[in-house]
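Letter by letter, the chains look like this.
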Amino acid sequence: AVKVSIITVCFNSADTIEDTIRSVQDQDYGQTEHVIIDGGSIDGTREIVGRYNSRIEKFISEPDRGIYDAMNKGLALATGEIVAFLNADDIYAGPRVVSEIMAAFRADHADAVYGDLIYVRRDDSDRILRYWRAGAYRPGAFRNGWVPPHPTFFCRTALYRALGGFDPAYRIAGDFELMLRFIEKNDIRVQYVPKPFVRMG
């Protein structure tokens, strides 16, 4: 089976990191590795991650130059053929998310697969605040502000190696720039699956 690397970047995320880890471990897809890049937390995040040590393949805790620098560190450590990013306050919407995404990769010979995202209340993840229906990609869409929800974006690791990772010069829009570069500029084959894959708290 094709291996999937799920990268979580965190910093002082003690309130949420355990839910994120569990949602990765609950996936019914057998071939996953979880890479956690921590910015040097001092709030108990590292201790929580440590409790799951046997199930987390790679864990770094050190200062970084921001979220995109940390994401690039994760990319450098990823050994899966497919890579995804799940933030420390996000969870997968169910145990079959990775399986469904991998089925879409196989069916469509896709370079990347993405889906929908649900914003939920942090204290009650069943309370839906907003449903982000991503929709299929159309050429030129990025010019109108369209972008896939980044935590649902699963992409072939080889493309990060070929097209480059995140630009750390960006403070907040690095994921937008990366997906624009991959999808719009380099015309990778993207497949949209109209399902909620991630809950963001």
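In this report, the structure presented in the accompanying data block is examined. Everything numeric in this text was worked out from a predicted model, so none of it was measured. (Residues numbered from 1 in each chain as written. Predicted model: local features only at pLDDT ≥ 70, side-chain atom pairs only at ≥ 80, totals over all residues. Heavy atoms only, no water.)

This brings us to the environment of F154. Locating F154 in the fold gives a position in strand β8 (residues 154-156). The spacing of F154 and I188 is 34 residues in sequence and 12 Å in space, taken between C-alpha atoms. If near-sequence neighbours (up to four positions away) are discounted, F154 is found in contact with V4, I82, V83, A84, Y92, V98, I101, F105, D111, A112 and V113. (Helix = DSSP H or I, 4+ residues; strand = E, 2+ residues; numbered from the N terminus. Contact = heavy atoms within 4.5 Å.)

What follows is about unusual backbone geometry. Phi at N12 is positive, roughly 50 degrees, even though this residue is not glycine. Tracing the backbone through its elements, the reader meets N12 in the loop between β1 (4-10) and α1 (17-25). Residue class for N12 comes out partly exposed when judged on its relative accessible area of 33%. If you check the backbone angles, D187 has positive phi at about 55 degrees while not being a glycine. Here D187 is to be found in the loop between α6 (174-185) and β9 (190-200). (Buried < 20%, exposed > 50% of the residue type's maximum accessible area, 1.4 Å probe, protein only.)

As a rule of thumb, nonpolar side chains are buried together in soluble globular proteins. Ranked by size, the top nonpolar core spans 30 residues in total, and within it I7, F153 and Y160 carry the most contacts. Counting residues per element, the ones that place at least two in this core are β1, β2 (32-38), α3 (67-77), β4 (82-85), β6 (112-121), α5 (157-163) and α6. Beyond its immediate sequence surroundings of up to four residues, I7 is in contact with V35, I37, G74, L75, A78, V83, A84, F85 and L86. Counting residues in hydrophobic clusters, the runner-up holds 22 residues, among them Y29, I82, M102 and A110. (Core = buried A, V, L, I, M, F, W, Y, C linked by side-chain atoms within 4.5 Å.)

Of the voids in this model, the largest pocket is the one considered here, and its volume is about 290 Å³. Lining the largest pocket are 23 residues, with D19, D89, D90, I91 and S125 positioned closest to its centre. Broken down by secondary-structure element, the contributors of at least two residues to the lining of the largest pocket are α1, β5 (90-92), β6 and β9. Considered class by class, the residues forming the lining of the largest pocket number 7 nonpolar, 7 polar and 9 charged. There is about 190 Å³ of room inside the second largest pocket. Along its surface, the second largest pocket is lined by 18 residues, and Y68, N87, H150, P151 and D175 are the ones closest to its centre. Listing elements by their share of the lining of the second largest pocket, those giving two or more residues are α3, β6 and α6. Within the lining of the second largest pocket, the residues separate by chemical class into 14 nonpolar, 2 polar and 2 charged. (1 Å grid on protein atoms, 1.4 Å probe; cavity = no way out; pocket = protein on both sides within 12 Å on 5 of 7 lines; lining within 4 Å. Points joined across faces, edges and corners; volume = space filled by probe spheres on them. Nonpolar A, V, L, I, M, F, W, Y, C, P; charged D, E, K, R; others polar.)

Relative to the helices and strands, M71 is located in helix α3. With 94 residues separating them in the primary sequence, M71 and G165 have C-alpha atoms 8.3 Å apart. Once residues lying within four places of it in the same chain are set aside, the contact partners of M71 are V9, F85, N87, H150 and F166.

Right, let's talk about the side chain of D69 for a bit. Within the element layout of this structure, D69 appears in helix α3. With near-sequence residues (within four places) excluded, D69 lies in contact with D64 and P168.

Looking now at the pairing of β1. When you tally the buried positions in β1, you get 7 out of 7 residues, the bulk of the element. Going residue by residue along β1, you find V4, I6, T8 and C10 tucked away on one face and S5, I7 and V9 tucked away on the opposite face as well. Relative to β2, β1 runs parallel, the two sharing 7 bridges. When the bridges of β2 are listed, S5 appears paired with E33. Between the parallel pair β1 and β2, the chain is carried across by α1, and the sense of this crossover is right-handed. Sheet topology note: the β1/β4 ladder contains 4 bridges and is parallel. Within β4, the residue paired with V4 across the bridge is I82. (Pairing = 2+ DSSP bridges. Right-handed = clockwise from strand over helix to strand, strands pointing away.)

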